[in-house]
Amino acid sequence: MVFMHVFFLVACVVLSGFLGVCQGGSLRKEFYRHSCPQAEDIINNKIQQHVSANPNLPAKLLRMHFHDCFVRGCDGSVLVNSTASNSAEKDAIPNLTLSGFDVIDDIKAAVEAKCPKTVSCADIVALAARDAVSVQFKKPMWEVLTGRRDGIVSKSSEALANIPPFFFNFTQLRASFASKGLDVHDLVVLSGAHTIGVGHCSSFSSRLYNFTGKGDQDPSLNPTYAAFLKTKCKSLSDTTTTVEMDPGSSTKFDSHYYPNLFQKKGLFQSDAALLTKDVSIDIAKKLVDQNKFFTRFAHSMKRMGAIQVLTGSAGEIRIKCSVINS
């Protein structure tokens, strides 16, 4: 048994160097049960307050968690500020529209006041995303295992290279998710997170005005929906206007994303890409059923939250989430 454990550990280290597939580490339920038993309640209470003041927050924190996990794993590196000598993930193009950092800082300060140098920023991001989405349901929508530690590296170039952009086709999306140990099922399920939040015109306006470089419109986009979007995004140069990703329901977490998808109302090219392969179409059809979507989303979020986590003595516990400990 000892030999097998050592063999697996070595294999895991080797594989993670190529794919980042060794997920979970030593994450477990109630990791802070003894070291900071109030931690999860503090986080949840703070989230309740912030979501009450800002109903758009669940989408923001869910996106932050995704962007964190896809770069160096779920290690809180997306929270780090740039310095004179380093451009951090936060300042990479895909992350310039992220927000909610002030909420994470507020939560971290409250946790630090109760349990100094104990609870990682990475765990706070994972729990905050879950708790924010769960506010409307008054119960946790997925399980978050804890025990992550914070990374000590944050580079904008790595965010640009690892976060799948909105214009990816299905093959590119599948490869991006596979590189994180996630499969096609996870890809289709996690895309359902677009049921909440907004998208900037700059992320999809080429589909309206210049899809192939000839001033044309994306033929895979519902014409009526495209006409509506053009009333919001007047030109390719609009970089500030936002549009609901799930029209009329952008603050309610539900399965409406999938019926919209089949009506060709997916906002991004990456959404439309899910209708280009039978395997993803079949999965999406099942997820129209809200109960199935919730169940499978919970499973995929748990898998995503375990990507390349740092545990044990790896990394650190940041005192301030935006600053790597000196």
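Residues numbered from 1 in each chain as written. Predicted model: local features only at pLDDT ≥ 70, side-chain atom pairs only at ≥ 80, totals over all residues. Heavy atoms only, no water.

Chemist: Any chance you could explain the packing of helix α3 (residues 57-69) against helix α5 (residues 121-134) here in plain terms?
Modeler: Describing two packed helices takes the angle between their axes plus the distance from one axis to the other. It is at 8 Å that the axes of α3 and α5 come closest, and there the two elements cross at 145°. For the pair α3 and α5, the crossing hand works out as left-handed. In this structure, α3 contributes Pro-58, Leu-61, Leu-62, Met-64 and His-65 to the contact, and α5 contributes Val-125, Ala-126, Ala-128, Ala-129, Ala-132 and Val-133. Across the contact of α3 with α5, the residue classes tally to ten nonpolar, one polar and no charged. (Axes fitted to C-alpha atoms, helices over the stretch in contact; angles between N-to-C directions. Helix = DSSP H or I, 4+ residues; strand = E, 2+ residues; numbered from the N terminus. Left-handed = near helix turned anticlockwise from the far one by under 90°. Contact = heavy atoms within 4.5 Å. Nonpolar A, V, L, I, M, F, W, Y, C, P; charged D, E, K, R; others polar.)

Chemist: Where do I start with the pattern of salt bridges in this structure?
Modeler: If charged atoms from side chains of opposite charge come close, those side chains can pair. One pass over the structure, following the stated rule, counts ten salt bridges. Ionic pairing is found between Lys-29 and Glu-143, a salt bridge with its closest N-O pair at 3.5 Å. Placement of Lys-29 in the loop between α1 (2-18) and α2 (39-53) and of Glu-143 in the loop between α5 and α6 (156-162) is noted, with a sequence separation of 114 residues between them. With relative accessibility at 30%, the residue Glu-143 sits in the partly exposed group. (Salt bridge = Lys/Arg side-chain N within 4 Å of Asp/Glu carboxyl O. Buried < 20%, exposed > 50% of the residue type's maximum accessible area, 1.4 Å probe, protein only.)

Chemist: What should I look at first to understand the side chain of Ser-249 in this one?
Modeler: For Ser-249, the position within the fold is in the loop between β2 (242-244) and α11 (257-262). Take Ser-249: its relative accessible area is 11%, and that puts it in the buried class. Within the structure, the side chain of Ser-249 is placed 3.1 Å from the side chain of Asp-254, a separation counted as a polar contact. Residues in contact with Ser-249, not counting those within four places in the same chain, are Thr-195, Glu-244, Asp-254 and His-256. (Polar contact = N/O pair within 3.5 Å; in protein donor to acceptor, adjacent residues only side chain to side chain.)

Chemist: Just checking my understanding: could you explain unusual backbone geometry for this structure?
Modeler: Excluding glycine, residues mostly carry a negative phi; peptide bonds, for their part, are mostly trans. One non-glycine residue, Glu-30, lies in positive phi territory at about 50°. Tracing the backbone shows Glu-30 in the loop between α1 and α2. Glu-30 sits in the partly exposed class, given a relative accessible area of 42%. A positive phi is found at Lys-264, a non-glycine position, where the angle reads about 60°. Along the chain, Lys-264 falls in the loop between α11 and α12 (269-272).

Chemist: Teacher, can you tell me more about empty space enclosed by the protein here?
Modeler: Left-over empty space is what a probe sized like a water molecule reveals as it rolls over the atoms. Per the stated rule, a full pass over the model turns up one cavity of 30 Å³ or more. No other element matches α11, which puts three residues into the lining of the largest cavity. For the lining of the largest cavity, a count of residues per class yields four nonpolar, three polar and two charged. (1 Å grid on protein atoms, 1.4 Å probe; cavity = no way out; pocket = protein on both sides within 12 Å on 5 of 7 lines; lining within 4 Å. Points joined across faces, edges and corners; volume = space filled by probe spheres on them.)

Chemist: I keep staring at the packing of aromatic side chains and nothing clicks. Help me out?
Modeler: Each aromatic ring pair is specified by the distance between its two centres and by the angle formed by the two planes. This structure, assessed with the given rule, holds 17 aromatic pairs. Each ring, one from Phe-167 and one from Phe-168, has its centre 6.1 Å from the other, and the planes form 80°; the classification is edge-to-face. Looking at Phe-167, the relative accessible area reads 54%, which means it is exposed. When its relative accessible area of 18% is taken as the criterion, Phe-168 is described as buried. Put simply, the rings of Phe-137, Trp-142, Phe-253, Tyr-257, Tyr-258, Phe-293, Phe-294 and Phe-297 touch in pairs and so form one group of aromatic residues. Sitting over the face of the ring of Phe-101, Lys-90 holds its NZ or CZ atom 4.4 Å from the ring centroid. (Phe/Tyr/Trp six-rings, centres within 6.5 Å; stacked < 30°, edge-to-face > 60°. Lys NZ or Arg CZ within 6 Å of the ring centre and 35° of its normal.)

Chemist: Looking at this structure, I do not really get the state of the cysteines. What am I missing?
Modeler: What is meant by a disulfide is a covalent connection between two cysteines, made through their sulfur atoms. Within the structure shown, the criterion is met by four disulfides. Disulfide pairing places Cys-201 opposite Cys-233 at an S-S distance of 2.0 Å. Disulfide Cys-201-Cys-233: the torsion about the S-S bond is -75°, which places it as left-handed. On the criterion of sequence distance, the pair formed by Cys-201 in the loop between β1 (198-200) and α9 (206-209) and Cys-233 in the loop between α10 (223-232) and β2 is long-range, its members being 32 residues apart. Residues Cys-201 and Cys-233 agree in their burial class; the two are buried. (Disulfide = S-S within 2.5 Å.)

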